[in-house]
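# Survey of secondary and tertiary structure
Here's the letter readout for the chains.
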Amino acid sequence: MRAGDRLPPLEIAVTRTLIVAGALASRDYQDVHHDPEAARRGGAPDVFMNILTTNGLVGRYVTDHFGPTAVLRRLALRLGAPCHPGDTLRLTGTVEESDGGTAVVRVTGDLRLGRHVTATAEVTW
C-alpha cells in the first residue's frame, strides 16, 4: 500500500435490525436507536444508527482490506448526516500515509442525506 491508493468501496444495506443490534451490542440503550416513536419525538423520521455501530463498520472496512493480520491501532471519526433504516451506507477510503507495515487511511461514508461519517484510521498488518 502506498499513499494515494484507494480502497474498493463497500456498500452496506442499513436495516432496522443492524441499527438495533448495533446499539444493543454496544450497550447503548438510548431509545432513539430502537424506538421509532421516541426517535420521532426527538425530531428524527425513524431510529438512527449510533456512533459505536458506525465505528465498528468503519473499522471492519479498513481491517478487511488489509487482511487477517490487520490490527486497528487508532480510529477517529466524526458523524454527519444520520443513518436510518433503508439507507445504503457507501464507505470509501484512501491511504494517506504508509511505511510498509503501518498505514493511515482516510475513510468517508455517504448516504442519501449526505456524508454520514468522516474518519481517519491507523492500521498495522
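Residues numbered from 1 in each chain as written. Predicted model: local features only at pLDDT ≥ 70, side-chain atom pairs only at ≥ 80, totals over all residues. Heavy atoms only, no water.

## A closer look at the nonpolar core
Heads up, the condition is: Among buried residues, those of type Ala, Val, Leu, Ile, Met, Phe, Trp, Tyr and Cys that are joined through side-chain atoms within 4.5 Å constitute a nonpolar core. Buried residues are those whose accessible area, probed at 1.4 Å on protein chains only, stays under 20% of the maximum for their type, while exposed residues exceed 50% and partly exposed ones sit between those limits. Comment: elements are numbered from the N terminus, with helices defined as DSSP H or I runs of at least four residues and strands as E runs of at least two. Residue contacts follow a heavy-atom distance rule, with two residues in contact if any of their heavy atoms lie within 4.5 Å.
Membership of the largest hydrophobic core comes to 25 residues, with the highest contact counts inside it found for Val 62, Phe 66, Leu 89, Leu 91, Val 105 and Val 107. Counting residues per element, this core draws most heavily on helix α3 (residues 51-66), at 5 residues. Setting aside chain neighbours within four positions, we find Phe 66 in contact with Met 1, Ala 103, Val 105, Val 123 and Trp 125.

## A closer look at the environment of Thr 102
One can find Thr 102 in strand β4 (residues 102-111). Counting along the chain gives 27 residues from Thr 102 to Leu 75, while the straight-line C-alpha distance between them is 13 Å. Discounting residues that sit within four places of it in the chain, Thr 102 has contacts with Glu 97, Glu 122, Val 123, Thr 124 and Trp 125.

## Quick notes on the pairing of strand β3 (residues 88-98)
Note the threshold: When DSSP finds two or more bridges between a pair of strands, those strands are recorded as paired.
One ladder, built from 6 bridges, connects strand β1 (residues 6-13) with β3; its direction is antiparallel. If you follow Ile 12 over to β3, its bridge partner there is Leu 89. One ladder, built from 8 bridges, connects β3 with β4; its direction is antiparallel. In the strand pairing of β4, Thr 92 is matched with Thr 108. Between β3 and β4, which pair antiparallel and follow one another directly, the connecting turn spans 3 residues, one of which, Gly 100, has a positive phi of 100°.

## Considering the packing of aromatic side chains
Heads up, the rule is: Aromatic rings from Phe, Tyr and Trp, taking only the six-membered ring of Trp, are treated as a pair when their centres fall within 6.5 Å; an angle between ring planes under 30 degrees marks them as stacked, one over 60 as edge-to-face, and anything in between as tilted.
Here the structure, examined in full by the defined rule, presents 1 aromatic pair. Plain terms: the ring middles of Phe 66 and Trp 125 are 4.8 Å apart, the flat faces sit at 40° to each other, and that makes the pair tilted. One end of the pair, Phe 66, is in helix α3; the other, Trp 125, is in the segment after β5 (114-124), and 59 residues separate them in sequence. Residue classification places Phe 66 among the buried residues on the basis of a relative accessible area of 9%.

## Re the sheet that holds β4
For clarity, the cut-off: Only C-alpha atoms enter the line fits that serve as axes; for helices the fit covers just the stretch in contact. Angles between N-to-C directions range over 0 to 180 degrees.
Pairing within the open sheet is antiparallel, and its 5 strands lie in the order β1-β3-β4-β5-β2. The sheet is open, and its two edges are formed by β1 and β2 (71-79), each paired on a single side. Taking each pair of neighbouring strands and ignoring which way they run, the sheet shows an average axis angle of 20°.

## Let's talk about the pattern of salt bridges
Side chains bearing opposite charge may pair, as long as their charged atoms lie close to each other. What counts, and what does not: By definition here, a salt bridge exists when the distance from a side-chain nitrogen of Lys or Arg to a carboxyl oxygen of Asp or Glu is within 4 Å.
In this structure the tally under the stated criterion is 7 salt bridges. With a shortest N-O distance of 3.5 Å, Glu 11 and Arg 90 are connected by a salt bridge. In this pair, Glu 11 is assigned in strand β1 and Arg 90 in strand β3, connecting sequence segments 79 residues apart. Ionic pairing is found between Arg 112 and Asp 87, a salt bridge with its closest N-O pair at 2.5 Å. Pair noted here: Arg 112 is in the loop between β4 and β5 and Asp 87 is in the loop between β2 and β3, with a separation of 25 residues, a long-range link. Judged by relative accessible area, which is 58%, Arg 112 ranks as exposed.

## Considering a nonpolar patch on the surface
Using the following cut-off: For patch building, the residue pool is restricted to those with more than 30% relative accessible area and no salt bridge; the joining distance is 9 Å between like charges and 5 Å between nonpolar side chains (Val, Leu, Ile, Met, Phe, Trp, Tyr). Only the protein chains shown count as covering a residue, and every accessible area follows the Shrake-Rupley method with a 1.4 Å probe.
A grouping of Ile 51, Leu 52 and Leu 79 is seen on the molecular surface, where their side chains present a nonpolar patch of about 250 Å² in accessible area. Along the polypeptide, Leu 52 turns up in helix α3. Among the residues examined, Leu 52 registers a relative accessible area of 46% and is labelled partly exposed.

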